[in-house]
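Spelled out from the first residue to the last, the chains are:
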Amino acid sequence: MRNRPKVLVSRKIPFKGLSLLREYCEVTVGAEDRMLTRKELLKLIEGKDGVLSMLTDQMDKEVMDAAPDLKVISNYAVGYDNIDITEATRRGISVTNTPDVLTDATADLAWALLMDVARRVTEGDRLNRKGKWKEWAPMFHLGKEVTGSVLGIVGFGRIGRAMVKRALGFDMEIVYFSRTRLSPAEEQRLGVRYLSFTDLLQHADFVSLHAPYTKETHHLIGADELSRMKATAYLINTSRGGLIDEKALLTALREGKIAGAGLDVYEMEPQLTPGLEKLENVVLAPHLGSATRETRELMAWRAAKNVLAELFDDMGQSNRVN
Ligand code: DGY
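Just so it is clear, the structure is predicted and the values come from calculations on it, not from any experiment. (Residues numbered from 1 in each chain as written. Predicted model: local features only at pLDDT ≥ 70, side-chain atom pairs only at ≥ 80, totals over all residues.)

With that out of the way, let us pick up the overall build of the chain. Looking only at helices and strands, one finds twelve helices and twelve strands in the chain. Rg of the C-alpha trace for the chain: 21 Å, near the compact-globule value of 20 Å for 322 residues, within the 12% margin. Counting only C-alpha atoms, the chain reaches 75 × 50 × 35 Å along its principal axes. In the chain, buried positions account for 43% of the 322 residues. (Helix = DSSP H or I, 4+ residues; strand = E, 2+ residues; numbered from the N terminus. Rg over C-alpha atoms; globule rule 2.2 N^0.38 Å. Buried ≥ 20, exposed ≤ 12 C-beta atoms within 10 Å, placed from the backbone.)

Set out below in structure tokens:
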């Protein structure tokens with residue numbers, strides 16, 4: 001008979017992932033419908049062999065100290081900036097994430113934000129609900145044409161590349177910036193052109209961020225970068241809030257330095273930088289990148305498999321990141 005390791009799932013996840021874990025492990029679900037408080041997390045993780053964590057759980061040294069037997073932190077997200085990777089690695093704790101399964105959902109959401117802010121859909125909805133729509137008019141509520149415009153993709157991993165497919169359908173010119181450049185043959189195959197970060201900012205009508213959040217990418221977009229963008233350009237962020245200096249963005253949006261922004265993620269989630277909510281030229285989604293029923297099921301399954309793969313020798317491969 002196998003031993004049954006103890007696993008904490010910090011909050012309730014879709015059923016299939018949870019039941020898979022329960023087949024092999026003693027599972028504690030932290031909370032049904034809210035994130036755990038820090039105190040609860042520190043208490044519940046005691047004595048656990050594995051944890052399935054949310055991106056809202058800070059998995060740092062203190063948490064790892066509370067669980068000396070911890071062997072795996074399986075993050076229910078592709079991003080893992082909530083985990084102190086250096087500390088986990090030092091202790092021999094595996095860290096895993098859920099890539100691939102959320103690529104399309106996240107690119108779809110980035111696309112939805114891009115379309116929304118360009119065509120002023122949510123802004124129009126607000127106006128309509130207030131009974132302020134008087135009549136159809138030739139110059140009423142004009143937006144930016146997406147078809148044929150220039151998309152600048154910053155970060156060219158899975159989700160960045162998934163943007164290409166969408167942009168091609170809109171006959172867009174596609175430029176990208178990434179730490180590593182593709183081969184000319186690959187660029188040609190995909191229909192993309194590499195630009196330096198500064199050139200991309202100056203050239204793109206839409207700048208969409210798809211880089212991971214790290215020390216190096218903290219405030220990748222600040223006042224200087226915003227001032228390099230076209231006054232008619234839009235900024236889209238579905239990655240992590242910390243990529244943007246939100247105060248600088250607020251100023252740029254207020255002063256018309258750029259035309260608008262579509263945001264799904266924020267520096268101090270779920271708090272917004274005060275003032276953002278008053279602006280008409282920004283669409284503010286509440287971190288919905290992977291939020292489809294289908295994707296969240298797959299993430300739960302993937303995250304559960306990752307726990308099992310790390311705790312048992314014969315349960316396949318995990319999406320290990322360290
Ligand atoms: C991720 O997986 O990192 C997403 O932000 C979750 O929605």
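Here the focus is helix H12 (residues 293–311). An ideal rise of 1.5 Å per residue puts 27 Å on 19 residues; H12 measures up with 27 Å between its terminal C-alpha atoms. For H12, the tally of buried residues reaches 14 of 19 residues, placing the bulk of the element in the interior. (Expected span 1.5 Å × (residues − 1).)

Here the focus is the environment of Leu21. Following the sequence through the fold, Leu21 ends up in helix H1 (residues 15–24). Judged by the 27 C-beta atoms lying within 10 Å of it, Leu21 falls in the buried class. The spatial distance from the C-alpha of Leu21 to the C-alpha of Ala304 is 5.8 Å, given a sequence separation of 283 residues. With sequence-adjacent residues up to four places away left out, Leu21 is seen in contact with Val7, Val9, Val27, Ala304 and Val307. (Contact = placed C-beta atoms within 7 Å.)

Using the residue numbers shown here, the UniProt feature "domain: D-isomer specific 2-hydroxyacid dehydrogenase catalytic" (unreviewed entry) corresponds to residues 7–309. The span residues 7–309 carries 37% helix and 15% strand; its end-to-end C-alpha distance comes to 13 Å. (UniProt positions renumbered as here; feature names shortened; annotations may be inferred.)

The strand order S2-S1-S3-S4-S5 describes an open sheet built from five strands, whose pairing is parallel. At either margin of the open sheet sits one strand with a lone partner, and together these are strand S2 (26–29) and strand S5 (94–96). Direction aside, the axes of adjacent strands within the sheet are offset by 15° on average. (Pairing = 2+ DSSP bridges. Axes fitted to C-alpha atoms, helices over the stretch in contact; angles between N-to-C directions.)

This part is about the confidence of the model for the chain. On average, residues of the chain score 98 in pLDDT, and 100% of them reach the 70 mark or higher. Here the prediction assigns the complex a pTM of 0.97, and the interface score ipTM is 0.94. (pLDDT = per-residue confidence, 0-100.)

Before going further, it helps to spend a moment on the packing of H1 against H12. In the contact formed by H1 and H12, the axes pass within 7 Å of each other and the chain directions differ by 20°. Taken together, the axis directions place H1 and H12 in an arrangement best described as roughly parallel. For the crossing formed where H1 meets H12, the hand is right-handed. Only Glu297, Ala300, Trp301, Ala303, Ala304, Val307 and Leu308 of H12 make contact with H1, whose side of the interface consists of Lys16, Gly17, Leu18, Leu20, Leu21 and Tyr24. (Parallel < 35°, antiparallel > 145°, perpendicular 65-115°, else oblique. Left-handed = near helix turned anticlockwise from the far one by under 90°.)

This part is about the site of the ligand. Near the ligand, the surroundings consist of Leu55, Ala77, Val78, Gly79, Leu102, His287, Gly289 and Ser290. Here the residues of the shell around the ligand sort into four nonpolar, four polar and no charged. (Near = placed C-beta within 6 Å. Nonpolar A, V, L, I, M, F, W, Y, C, P; charged D, E, K, R; others polar.)

Domain annotation of the chain identifies domain 1 (6–101 + 293–311) and domain 2 (103–284). Here the C-alpha centroids of domain 1 and domain 2 sit 31 Å apart. Contacts between the two partners involve five residues from domain 1 and, on the opposite side, seven residues from domain 2. Tallied by class, residues from the side of domain 1 that touches domain 2 come to one nonpolar, two polar and two charged. (Domains from an automatic or database assignment.)

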